[in-house]
Structure formats: C-alpha cells, structure tokens
Amino acid sequence: MNLKELTRRQLFGACGIGLGKISLASLLSRDVSAADSTTPASASAGLHHPAKIKRVIYLFMAGAPSQLDLFDHKPKLVELEGKPIPPSVIAGQRYAFIQPGAAVLSPRFKFNRYGQSGAQIAEPLPHLGEIADDVAFIRSVHTDQFNHAPAQIFVNTGSPIPGRPAMGSWLTYGLGSDADDLPGFVVLKSGGNLSGGAAMWSNGFLPGEHQGVPFRTSGDPILHVANPAGISRQTQRATLDLVSDLNRRRMESLAVDGIRSRIESYEMAYRMQTRAPELMDFSGESDETLAMYGTKREDTGSFAKNCLLARRLAERGVRFIQLYHSGWDHHSNVEGGLKSQCKATDQGCAALVKDLKQRGMLDETLVVWGGEFGRTPMVEASAALGRSLGRDHHPQAFTMWMAGGGVRAGQTIGKTDDLGFHPVEDAVHVHDIQATILHQLGIDHERLTFTFAGRPFRLTDVHGTVIKKLVG
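Since this is a predicted model, take the numbers as computed values, not measurements.

S.K.: Is there a simple way to think about the overall build of the chain in this case?
M.R.: The helix and strand inventory of the chain stands at 15 helices and 17 strands. Expressed as a percentage of the 472 residues in the chain, the buried residues total 51%. A total of about 20,800 Å² of accessible surface is found on the chain, and carbon and sulfur atoms cover 53% of it.

Next comes the structure, spelled out in structure tokens:
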C-alpha cells in the first residue's frame, strides 16, 4: 500500500514496531533519567578539603571589557598604531566583525601604577587603584568561544550550550546554603539586556531549588512575595500546608522530582516574606557607607546599589551572589564606552571589597570580576554599520581579577605577548577559573558530579586546573 494513501489510524494499526511502544519506551527512559537526577551524589557532594571561604560574589561584566585599555598596557601598540598586525600573529584566527588584517589601535588611556604592588591600571579605574594591593590580576585568561551568548553561558555554566547548571547551582547543590530564609543563589542585574539570558543562572538538570533567583533592587526583591490584602499569615500558612500535602501525595504516586522542587519553592517564598522587607530596608546603612558605594537610599537598579545589596546578602548567608552588568560591548568608540561603564561600576566594585574588609568578611568571601572574553588589538571600523575606533571580540586573552577568599593579593599572574594577543606565560583557561573558585569553597571540581542521561557531569567537564599561583 502507498504510504501516502494511509490514514493516521491505519498507520498506527499496521505499524509493526508500534508507535505506542516507542512512546512507552520514551516515557520509561524519561522516568529512568528522572530517577537518576534525584539521586544525591553522596560521594561527590559536600566538602572534599577544608574550605577557605564561605561564599562567592561574582561581578560579571557582560559584553567583554577591553583588557588592552584597562589592565594590560602594551606600548608596542602605540608604536604600531595604524599598521596591520603581522600575519604570523593572527594566522588561523576568526573574528566576528573585522578582517584579520585590520590596523592596530593603541590604548585609549594613560596607565598608572598603584599600591605597593605597582599594579598597572588605566585612568578610568581610580577606585580600583585604591584597593590594588587587595587584588590579584590575571592577565592571561582565555576561552573557547568568540560570540557573546555562548561565551557568557560558557563562563557561567562550563558549556556554551544552554541547559547546563550554573556555577551557583553547582555550589548550592554541593554545599547547600547558610541562609534558611533566602535562596542560596541570588542574581542581581543592571545595565540592560544580557546575551546569555537566563541560561546563565539556570539549574539545568539539577533539582529546581538550585536555580538562581533574580532579585529586584527596590521594593519586594521578588514580585508578589507579599500577601494580597485580606490574606493573613495564618490563612496563607493553612493554604500552603494543604497544597503541600496534596503535592506530596502526588509526588509519592508519580515520583516526579519537579513536584518536590515546587514544594520547596513555596516554602522558601513563605520564609522570604519575613526576611525580604528587612533585606531591602537600607535605612540602617550609614551615610558614610552609601557615599563609599556612590549610591543613595532611593536609588533603584544601579550597579552600585547592587554591590551594597550583595554585601547585605552575604551577611545573611547567601552562598553565591552573581551581579551582571551589561554594556561593555564596544565595537565602536571604545574610549567613550569604557569611560561610561567604568564610571558606573568602578566605585561600587572597590567599595564592596573595602566594605567586606572593614567588616571582617573579606577573608571568607571571594570577589571575582571579569567578562566573557577580551577585545582585539586591532581597530574595528565600518561605515556601513556606523562604527569607528572600536574593538572586536578577542577570546585568546583577557583580564580578570579576584580579591579576598584566600587569594594571594597584590600580584599579577600571567603575561601576554607585546601585542596583547596571546598568553605567553601562565595561561589560564575559563575552566581553571571555575576549578579555582570551587577549590576555595572546599570542593574538588573533579569530584563534584551529577549523573544525568546515563553519564556523570561536572562544571568543568573534563578540563580545569586550580591556579596554584593564585591560591596555592
């Protein structure tokens, strides 16, 4: 019989393999995967060695700040201004918007030396210069990705493909949280949209309670966390108890892990109703503290306010606090773009480190700063796109810095060539950064695993080495 002449009913009846059997096999496979996903990694979760820190505050500069204009001073670029990069340097490289033979663009700012360490930092970052001796700079970071979305997801989850757990999810899964009435993984955003989106704080295949929770910076941190008018705490508690009982019965009959995550989410939201107003009440912060951060009590949505909120979250036991500030993608007018973004973020970053140190919290908190990749030594210019004096994506080398958390501060790790193109000393991969962060929290990145779809996964995949010069 011609297949085109078959009705759907005839096809189902005549199919020897049986689509019903295929569907059944698919459902059984899904149930097995779900069973795997709820199995705790008893041998891998928890501390593998003594922890040096309790928490992480990750300041993610989305869009990729130009390391050549801010941290990695290269006089050779001044000498070669307007000339093409030698072909031997750029052989085999790919770029998003420019040709490999584009002319060299010299650094846009003057560099100064700060602190006893003599760290070289560009003029738009004077506040960072004030804490130079509390910071370790890593100039030789490199990544596998050269477009924003996959690169941002890669830094945050260890994979460029959406669907993997974020670093904060791995940490709360492995260590739990010291905060009973706040999520263990909190996300704060400023500066606009993010190319990587919510995939950067997703729980992936980990249980739902490990997902990052985005907070607002004014009013209720989460919409609808407060009770509507006429609903008392007693009424709400009775309602939650009833819903929880029904959910538990359903979970026992279906063995679906998502129901358990829903129960825990409801309970967390209930506890947050007490904590949230206190968390967002900045009236107890001194005028001196607000001035140090460069913010005001009535500010909403600024990076500086998020830095202060991050310190308050850290005080309340949140394990992983991720601040995303976008707007660093300077394909045109890199000088003007950097001035604007540094003005928006420099004071807040430095104040956070100072504040933690003053309160005796810096030693148990790791502060991390960095983007998804760097910017090219060559200029980007396009009349068609209206671009001039910008820089393109550069995954081969970029700069990050860390402070606190057992980091050997007052040093610069890694070195790039005279053009700032390739690392030539102590190259550090993104997976090495991830492995080091986990190490400081007492976790062996090779042992914190989760079995999903029949195989174990980890944040660093099959890569990553702890940066011994930084924390060893």
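S.K.: Help me understand the pairing of strand E4 (residues 135-142), please; the structure alone is not making it clear to me.
M.R.: Remember that side chains alternate between the two faces of the sheet whenever the strand is regular. Most of E4 sits out of view: 7 of its 8 residues are buried. Bridge count for E4 against strand E12 (residues 411-413) is 3 bridges, and the pairing is parallel. Each bridged residue has a counterpart across the sheet, and for Ile138 the counterpart in E12 is Ile413. Where E4 lies against strand E15 (residues 428-429), 2 bridges are found, and the strand directions are parallel. Within E15, the position partnered with His142 by the bridge is His429.

S.K.: Would you take a moment to explain the packing of aromatic side chains for this structure?
M.R.: A complete count under the given rule lists 15 aromatic pairs for this structure. A ring pair is formed by Phe205 and Phe450, whose centres lie 5.8 Å apart and whose planes are at 20°; its orientation type is stacked. With Phe205 in the loop between strand E5 (185-190) and strand E6 (213-215) and Phe450 in strand E16 (residues 450-452), this residue pair connects regions lying 245 residues apart in the sequence. Take Phe205 and Phe450: they sit in the same class, and that class is buried. For the pair Phe205 and Phe452, a centre-to-centre distance of 4.8 Å together with 15° between the ring planes defines the contact as stacked. With a gap of 247 residues between them, Phe205 in the loop between E5 and E6 and Phe452 in strand E16 connect regions that are remote in the sequence. For Phe205, a relative accessible area of 10% gives the class buried. Residue Phe452 is classed as partly exposed on the basis of its relative accessible area, which comes to 29%. Put simply, the rings of Trp170, Tyr173, Phe205, Phe450, Phe452 and Phe457 touch in pairs and so form one group of aromatic residues. The aromatic ring of Phe282 is capped on one face by Lys305, whose charged end is 4.6 Å from the ring centroid. Positioned over the ring face of Phe457 is Arg455, at 3.8 Å from the centre of the ring.

S.K.: It is not clear to me how the nonpolar core should be interpreted in this structure. Could you clarify?
M.R.: Soluble globular proteins tend to pack their nonpolar side chains together in the buried interior. Within the largest apolar cluster, 56 residues are counted, with the highest numbers of intra-cluster contacts made by Leu59, Leu313 and Trp401. Looking at this core element by element, the count peaks at 9 residues for helix H13 (residues 334-358). Look past the residues within four positions of Trp401 in its chain and what remains in contact with it is Leu59, Phe71, Leu128, Val135, Ala136, Phe137, Cys349, Val353, Val367, Val368 and Trp369. Residues Tyr324, Met402, Ala435 and Ile467 belong to the second largest nonpolar core, which totals 52 residues.

How each quantity is defined
- Residues numbered from 1 in each chain as written.
- Predicted model: local features only at pLDDT ≥ 70, side-chain atom pairs only at ≥ 80, totals over all residues.
- Heavy atoms only, no water.
- Helix = DSSP H or I, 4+ residues; strand = E, 2+ residues; numbered from the N terminus.
- Buried < 20%, exposed > 50% of the residue type's maximum accessible area, 1.4 Å probe, protein only.
- Areas by Shrake-Rupley, 256 points an atom, 1.4 Å probe, with all protein chains shown as cover.
- Pairing = 2+ DSSP bridges.
- Phe/Tyr/Trp six-rings, centres within 6.5 Å; stacked < 30°, edge-to-face > 60°.
- Lys NZ or Arg CZ within 6 Å of the ring centre and 35° of its normal.
- Core = buried A, V, L, I, M, F, W, Y, C linked by side-chain atoms within 4.5 Å.
- Contact = heavy atoms within 4.5 Å.

From the geometry alone we can't say anything about function, so treat these as descriptive.
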